[in-house]
Each structure stands twice: as C-alpha cells, then as structure tokens.
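# Observations on the model geometry
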Amino acid sequence: MPENSNLLEKIKHSLESQEQPTVTILSSLLSIQDNLHYIPSEGISETAKFCGKSTNEVWSVASFYTNFRFTPPGDNVVDVCWGPTCHLLGAQIIIDNLQKTLEIDGEGESKDGKITLKYNTCLGACAQAPCIAIDHYIHGKQDKNTANKIINEIRNK
Amino acid sequence: MELFEQLKEKSLTNWFKLNSSKWVRIGGGTSGQAMGSYKLYNKSKELIQNNFTDVNLSMVSAIGLMYLEPIVDITMPDGTRVYYGNVTLDEIEKILKQHLTKNKPIIERAFAANEKAANMWGIQNINDMPNISRQKKIATRNFGVTDPLDINHYIARGGYSALSSAIFEKSPEFIVDEVKNSGLRGRGGAAFPAGVKWSFLAPSKEPIKYVLCNCEEGDPGAFNDKGIIENDPHTLVEGLILNGYATNSSNGYIFIRQGHEIPINAAKKAISDAYELGLLGKNILGSEFSFDMEVSLTGDSYVAGEETALMEAIEGKRSTPRYKPPFPAAQGLWKKPTNINNVKTLSYVPEIVRKGSEWFKSIGTETTSGTAIVCLSGHIKYPGMYEIPMGMTIREVLDYIGGGISEGKSIKVLQAGGPLNGLLGEEAFDTMIDFDAMSAAGASIGSGGIIVGNEKTNIVDLLRNLIAFNQFESCGKCFPCRLGNTHMLEILDRMCQNQSNSNDLNLIQRIGSSMKSGSLCGHGQLGYNPILSALKYFRTEIESAVNGKINLTGVNGDGKMILPTRTRP
Ligand SMILES: Cc1cc2nc3c(=O)[nH]c(=O)nc-3n(C[C@H](O)[C@H](O)[C@H](O)COP(=O)(O)O)c2cc1C
Ligand code: FES
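Chains are numbered independently. Their residues run from 1 in the order of the written sequence. All chains are assigned letters beginning with A, and all ligands numbers beginning with 1, in the order in which they are written. Only residues with pLDDT of at least 70 get local features here, since the model is predicted, and only at 80 or more are side-chain atom pairs given and counted; chain-wide, interface and lining totals rely on the full set of residues. Hydrogens are left out, water is left out, and the side-chain values use all remaining heavy atoms of the structure.

### A short note on the overall build of chain A
Where helices and strands are cited, they refer to DSSP runs of H or I of at least four residues and of E of at least two residues respectively, numbered from the N terminus. A count of helices and strands for chain A gives seven helices and five strands. For chain A, the α and β elements follow one another from N to C terminus as α-α-α-α-β-α-α-β-β-β-β-α. Taken over the C-alpha atoms alone, chain A extends approximately 50 × 35 × 25 Å along its principal axes. With a 1.4 Å probe rolled over the protein chains alone, any residue whose accessible area is under 20% of its type maximum counts as buried; one over 50% counts as exposed, and the rest are partly exposed. Across the 157 residues of chain A, 58% fall into the buried class. Across chain A, every contact between residues at least 6 apart in sequence was considered, and the portion connecting residues at least 24 apart equals 59%. Summed over all atoms, the accessible surface of chain A reaches about 7,000 Å², with 48% contributed by carbon and sulfur. Only heavy atoms enter the contact rule, under which two residues are in contact if any of them lie within 4.5 Å. All accessible areas in this document rest on Shrake-Rupley with a 1.4 Å probe, and a residue is counted as covered only by the protein chains that are shown.

In structure tokens form, the structure reads like this:
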C-alpha cells in the first residue's frame, strides 16, 4: 500500500534526521511525534529496530510520557491550562465552554474531527492567565468568549 | 585570551553603534507571545522596512513587567529611551512614525523612560518604578536590554569574560572554592550549597563526567527557568561551561521539556553560536580545556525534574527516580560521575566568578546569599518575573513589586514554591524570603512561583487543584505516592461535593504520613505539604468542608473541576 510505505518513510526519516548527538528511545519517539503528530504502531517497531531495543522497552517509554498519543490528532491541537493560576482566574469556565463548543467530554477530538482538545498542567505564561495554546502558540488573558472566538476562527479556516 | 579580547572588541564596537542609532526593541518570550508581541514585531518589521532606512529593530528579552506586555521601547541617537506598554497592533504605526520621525514620544502612551527622556518630557523615570528600583538584577541583568539570540550582545555586556579569565588565569579548584565561599545555594528546591556539590564531583579522575542543567520546570506557577533560557540563554551556557571547567567534566546537558519552543530554540541557538566562536568544543578559546554541550528534550513528566529521574530521561527511559546511593557524583548519567543544578543556580555563576564571591555574599541574608527570582501571578496587580534580594518580606514583594491585589478586597492565600510546597495565610506575610525562614513558615521558595489568591479563593477547591496535579504526575513507581495521591484527591473531591465526613480529616493525615515515609523521591515525600500547611493557616475552613458546609457557588465555575486522573501504567 503506497500510503503505508509513505508512513514508514516518514518514520525512518524522523529517526535518521535527529540532529543532537545523543539519540535514545525517548528522543526518537519525540522526533516521530514532532513530524507525524502521533506515534503509529509502526513508529514503535521502527524505533525498537533503530535503537536496538525490544518493542516492549519502547512501549514502556511511549506509554509513560503524557504528551505521546497513538492516533492522529485533529488539524489543530488546543491546549487549555488547568494549572492553579489559571484555575483561580477562571480556567474551569473556559474548559467547560470549549467542551460545549466542540461537543466533547474531557479531552479528545471535536465531533467534526478538526480540533483536538488537551489539558495542560501549566503553559508557562501564568502572568497572562488564563491561557490556552493553539499548536503550542500561547494566547493569554482568555475568557470563555475570546477562547471560543479563537476556536471558531481556526475551525472555519 | 587574545582570541577572546578580539571577540569582545568586535562585539563592543557593534554594540556602541547600535546604542547610538535609532533602535526599536520589542520584548519577546513566552509571556510576550501570549500577549501578541511576535505579531507586533512582524508588523513593526514591515513598517520599518517600508518607511525607514536608519532604524534598527530587535526582538529583545522580556524585562519582566509582564502586565505591560507587549512592551516596545525606542532609543534615539540623543540618548533618550522611552517605553510603551500594552501596545496594540492598531497603534504601533502611529507610535513608530511619530517617535522616529519627529523624535518626540507620544507622551501619554509611554509608561516610563530613562533619566534623560524622563527629564525632557516629564515621563516617569523607569528607575523610580518600585518594581524596578527594588530589584537586584544578577541572573536577569540583561533582561530587556539584549537580543537573547545574539551572542555578540551578551559578550558586549561583559559575557564570557568570566569564562575566559577562569580558563586562562584561575584553577578549577579556585572556581569551586569561589562558588563555595559565595554561599550560593541550589535554586531547584533543596537549597543545597552548589560549591559543596561541585566539590563531590571535582576529584574524580574519570575521563567522562557530566554536568547537567535542570530546566524541567514542571511546577505550575513558575516560569523563571524557561524565562532565563529564553531571555538570556548565554548566561546559563556560560554558567554550565564554568561548572564543567571547575569540576573537570567533559559534557554538559541542558534538559528541557518538549513543547516549549521559545526556550528550546534559544538554548539550541546559544549552544551552536558558542561552538562557532570557539567557546564550546575542543580547546575552548585555544586553551587546554575541552567541553561539549547539547540540549536534551524530555516528554511531559513532572517527576523527570527529580535529579535521578532526569538521568533516566536523558538515557531515554521512563523518568522514574533511582535508589540512592550510589549518588550522582559517584554514578550518575550512564553510570558516570555527574553533577546536576537548576537553571537559576548556574546562571549566577558567571557574575560570581567575574565579581567575586565576597560581592555575591554581600547580597541577601546570612544564610541565603544572592537573590530570589520570583514569578508573581494570580490576583496580583503587576504579575511578572522579578529578581529581588533575599531578605525582603513577602508583604514587601506583594506591595512594592506586585502592586497589591488586582481584584477583590484582600489577599487571602499564597501558593509558594509549587504543588509540593505549601499554602500561606496572612499571618505568614511578614516572613522574610530566604530558604530557612520560608521553610519555617511551612512553605518554600521552591521554584520561585508565588500564586496569589484573593478573599474569594476557596482553600479546599485550591487544594483539590494542587493534589489533582500531584496525582496526575505521580510516576507510579512507589505505591504510597501513586495510591496515596489518588486517595487524597478522592477525599478532597468528596469535600467539594459536600459528601465528606469527620473521619476524612484523620484519614487524609494518615495517608500523608504514609506517603512521606514510604516514597522514594520528593514527589511522594512532599506531596502532602499543601494540605499540611493549609491545616496550619486555614483549619476552620477545612473543618467546615469536612462537616458538609462548603459552598462553591460562584467559585471558579461553581466548583466544577476537571479531574484528569491518570495513573501511569
Ligand atoms: C518531583 C520532583 C520534581 C523536581 N523538579 C525540578 C525541576 O523541575 N527543576 C529543578 O531544578 N529541580 C527539580 N527538582 C529538584 C531536583 O531533584 C534537584 O534537587 C535540583 O535540580 C538540584 O539543583 P540545585 O542544587 O541547583 O537546586 C525536583 C525534585 C522532585 C522531587
Ligand atoms: S497556571 Fe496556567 S499558564 Fe501557568
């Protein structure tokens, strides 16, 4: 299948194009997820081959770090912060509202599959709380209306 | 030595040229991005390219006054410098055109100016702002001044001269002694004397030894480690090279969590520029000393910030803590002798070497020399990142630096030092900020985050948020931590739902003490701290929640709370 061989090529490229001197299971997985936005099961087996480890060892790492995901995300990933500063300044209200807009409970993909919602423990811009991030780009001083507006803008693009 | 003098001369020439030109600086960084400073920069770039031929533009480090972001400041050849805050995309054209062509600021839009411009136009002198004048900038000395991605700016401001003088004029032992004598204590939480730690590693004759810099910074409410890296990465790189020289080590790692693109890119660029100028690599500046450095990224895991878990992560494994002994100085990363320090700790080192340990010791308190880099957020008027001398009281920080409360009537509670540390009530606000006074009060400087809650803050709701974090982030290796946090969270959630009973208080205390005695690392040992300290300052409120008298209407979404519970497999 051409699609599959394409995926395999991308995985191999992710593994081989790592620039830093120290290459490990973790760095390999990070590189795959950077390029593909998720870790397909071929990513696990290729990483195992590339690092000379068992798939078991690779899975143990992949399942540990909470940023890894194993199915393709939506076109855009929205991180909402639930850290204590954002919490005190109204994060729950924003989260609640986004979930209604996207028609989901908890984390995951919106009904139309376009947007992935993720919780974040702290986006590191607490001085501008409450914060959300679209594909790692942070937007500060949010409320339910501004956050909804940003989401609708990217959804209708 | 000569090589460095040449570098320095070149950097200085350019620096003076820049400073006597028309120079527009826009503050960047993560917090700036959140307020649109990168968009503002792009628009300014276009405007300047289309309208001016004699104007320089730089994206510089954030000055720390985050409530004023995005900040634009303009230096003119006559030596005036004027700062504009909260600048919008709509007004930037007007500000740039008027200021740069008429050489006259839009006075009512400026929040501060340097002395000359302040006198000329009656704008507030930036050095008269209490949250500037009361700072003591050491690790953050270049904030708001230089372009963090330009190594020449750093060198022009005196950077890498400590390294050059160390490797040509001072012995490694001398540097270790200086750091010891300076009284510098680790800023990553445990407050261990840095020089003493270095002296464990230094004697080992192993050819491969590692010095690691910890920028995991998972503590919600703290952003000063990433803040230093994105705003002045070279002060850390120089500090880590000095750490390597002093301990005769061969390799350094800067360890950062994935996803934080701005600090990650700044660290990578700083390292590659340092290689290019011969400040890293083989025979640094032509000396006998060789040292390599790279950035190591980790996945999302709070416990990866624990020193031995961090080594597991660099080795590419699950970041769970190791048993000690052996201690890192004997067997650390890849079983080689290793030292590990926090970003802030290392970022003081260049100035300590340059100005001497006695100078550093003269700042701060008897037991904690130097400064604290605090991150203020929450219900505070001037949230931001500030470097203050140790010994200021919490109240002084809240009033003079933070400008007091932002909304509401009074400050009820502070969360200081991250979720493994405590809550503080009003009685504790006269505590002096230094390691020992803070821990006596039941909190800690920890990572430097201070989250401010007003009178409407519900303590049990806040505790539930903190314990939910600790639960989510337990690495799962020790069961008292893994199950204890889950159990504590259930109890707190029960309290918030008015379904608690009087046994719960005893139960939660029992869980806390098992976690403390039965966990391998600080995550489990300290995870009960928020509750312990809250019982000290807010006991009645907690007791009434246990007795079913909590009312969360109007509190952060009426007491609703996502509980992203996840036990690591
Ligand atoms: C669960 C846990 C998380 C930690 N996270 C960090 C961190 O993010 N950054 C840090 O510098 N130290 C962290 N520490 C402390 C480190 O173990 C270590 O003490 C510190 O990096 C040493 O540096 P210092 O001596 O310069 O303070 C953490 C400790 C624990 C138990
Ligand atoms: S707590 Fe939300 S950005 Fe830090």
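### A word on the packing of helix 3 (residues 37–51) of chain B against helix 4 (residues 92–102) of chain B
The description of two helices packed together rests on the angle between their axes and the distance between the axes. Residues and elements named next belong to chain B. Where helices are involved, their axes are fitted lines through C-alpha atoms of the stretch in contact, as for all axes, and angles between N-to-C directions lie from 0 to 180°. At their nearest, the axes of helix 3 and helix 4 sit 10 Å apart, and the two run at 40 degrees to each other. Considering their axes alone, helix 3 and helix 4 lie oblique with respect to each other. For the pair helix 3 and helix 4, the sense of crossing is right-handed. Along the contact surface, helix 3 presents Leu40, Lys43, Ser44, Leu47, Ile48 and Asn51, while helix 4 presents Ile92, Glu93, Leu96 and Lys97. Taken together, the residues of the contact of helix 3 with helix 4 sort by class into five nonpolar, two polar and three charged. What sets the label is the angle itself: under 35 degrees gives roughly parallel, over 145 gives roughly antiparallel, 65 to 115 gives roughly perpendicular, and the rest give oblique. Two helices crossing with the near one rotated counterclockwise from the far one by less than a right angle form a left-handed crossing, whereas a clockwise rotation gives a right-handed crossing. Amino acids are sorted into nonpolar (Ala, Val, Leu, Ile, Met, Phe, Trp, Tyr, Cys and Pro), charged (Asp, Glu, Lys and Arg) and polar (every other residue, Gly among them).

### Observations regarding the packing of aromatic side chains
Two rings from Phe, Tyr or Trp (for Trp, the six-membered ring) form a pair when their centres sit within 6.5 Å of each other. Planes less than 30 degrees apart are called stacked, planes more than 60 degrees apart edge-to-face, and all others tilted. According to the stated counting rule, one finds 17 aromatic pairs over all chains in the structure shown. With a centroid separation of 5.9 Å and an interplanar angle of 50 degrees, the aromatic rings of Tyr83(B) and Phe111(B) are classed as tilted. With Tyr83(B) in strand 4 (residues 81–84) and Phe111(B) in strand 5 (residues 110–113), this pair connects stretches of sequence that are 28 residues apart. You can call Tyr83(B) buried: its relative accessible area is 7%. Taking relative accessible area as the criterion, Phe111(B) reaches 14% and is therefore assigned buried. Seen from their ring centres, Tyr210(B) and Trp334(B) are 6.1 Å apart, and the 55 degrees between their planes marks the pair as tilted. With Tyr210(B) in strand 6 (residues 210–215) and Trp334(B) in the loop between helix 14 (307–314) and strand 9 (338–342), this pair connects stretches of sequence that are 124 residues apart. By way of ring pairs, the aromatic residues Phe64(A), Tyr65(A) and Phe68(A) are connected into one cluster. Charge over a ring is defined by NZ of Lys or CZ of Arg lying within 6 Å of the ring centre and within 35 degrees of the ring normal. Its guanidinium or amino end placed over the ring of Trp23(B), Arg25(B) lies 3.7 Å from that ring's centre, counting from NZ or CZ. Geometry around Tyr400(B) places Arg134(B) over its ring, the cationic atom sitting 3.8 Å from the centre.

### Topic: unusual backbone geometry
The linkage connecting Ala129(A) with the following residue, Pro130(A), adopts the cis geometry, with an omega of -5 degrees. Residue placement: Pro130(A) occurs in the loop between strand 3 (115–120) and strand 4 (132–134). The omega torsion across Pro325(B) and Pro326(B) is 0 degrees, close enough to zero to call that bond cis. As for its placement among the helices and strands, Pro326(B) is situated in the loop between helix 14 and strand 9. With a phi angle near 40 degrees, Glu217(B) is a residue other than glycine that sits in the positive phi range. Within the element layout of this structure, Glu217(B) appears in the loop between strand 6 and helix 11 (224–231). For Glu217(B), a relative accessible area of 11% translates into the label buried. With a phi angle near 65 degrees, Lys335(B) is a residue other than glycine that sits in the positive phi range. Among the secondary structure elements, Lys335(B) is positioned in the loop between helix 14 and strand 9.

### Here we look at helix 15 (residues 343–355) of chain B
Residue and element names in this part refer to chain B. The element helix 15 is largely enclosed, with a buried count of 11 among its 13 residues. Along helix 15, the residues classified as buried are Val343, Lys344, Thr345, Leu346, Ser347, Tyr348, Val349, Pro350, Glu351, Ile352 and Val353. Side-chain atoms alone can form a polar contact between residues adjacent in sequence; in general such a contact is a pair of N or O atoms within 3.5 Å, and within protein one must be able to donate a hydrogen while the other accepts it. For helix 15, the side-chain oxygen to backbone nitrogen distance between the N-cap and lysine 344 is 2.7 Å, and the N-cap itself is asparagine 342.

### Overview of the site of ligand 1
All names here are of chain B. Around ligand 1, the surrounding shell holds 19 residues, and the nearest of these are Gly188, Lys197, Asn341, Asn342 and Thr345. The contact in question runs from an oxygen atom of ligand 1 to an N or O atom on the side chain of asparagine 214, over 3.0 Å. For ligand 1, an oxygen atom lies 2.7 Å from a polar atom in the side chain of asparagine 342. Counting only elements with at least two residues in the shell around ligand 1, the list comes to strand 9 and helix 22 (522–526). In this text, near means that some heavy atom of the residue lies within 4 Å of the molecule or strand in question.

### Section: the sheet that holds strand 2 (residues 55–60) of chain B
Residue and element names in this part refer to chain B. Spatially, 2-1-3-4-5 is the arrangement adopted by the five strands of the open sheet, whose pairing is mixed. The sheet terminates laterally at strand 2 and strand 5, the two strands that pair on one side only. In this sheet, adjacent strand axes meet at a mean angle of 20 degrees when their direction is disregarded. Pairing between strands is defined by DSSP: at least two bridges between them are needed. Across four bridges, the pairing between strand 1 (residues 22–27) and strand 3 (residues 72–75) is antiparallel. Note on strand 3: the bridge partner recorded for arginine 25 is aspartate 73. In the packing of helix 3 onto the sheet, contacts are made with strand 1, strand 2 and strand 3, and the angle to strand 2 comes to roughly 170 degrees.

### Describing the nonpolar core
Residues and elements named next belong to chain B. The biggest cluster of nonpolar side chains holds 93 residues, and the ones touching the most others in it are Leu65, Met129, Leu414, Leu423, Leu424, Ile433 and Ile531. Looking at which element gives the most residues to this core, the answer is helix 19 (residues 459–473), with eight residues. Not counting chain neighbours up to four residues away, the residues in contact with methionine 129 comprise Leu65, Tyr67, Leu68, Phe111, Ala112 and Gln124. Only buried Ala, Val, Leu, Ile, Met, Phe, Trp, Tyr and Cys residues count toward a nonpolar core, and they belong to the same one when joined by side-chain atoms within 4.5 Å. In terms of nonpolar packing, the next biggest core, distinct from the first, is built from 63 residues, Phe4, Val176, Ala246 and Cys375 among them.

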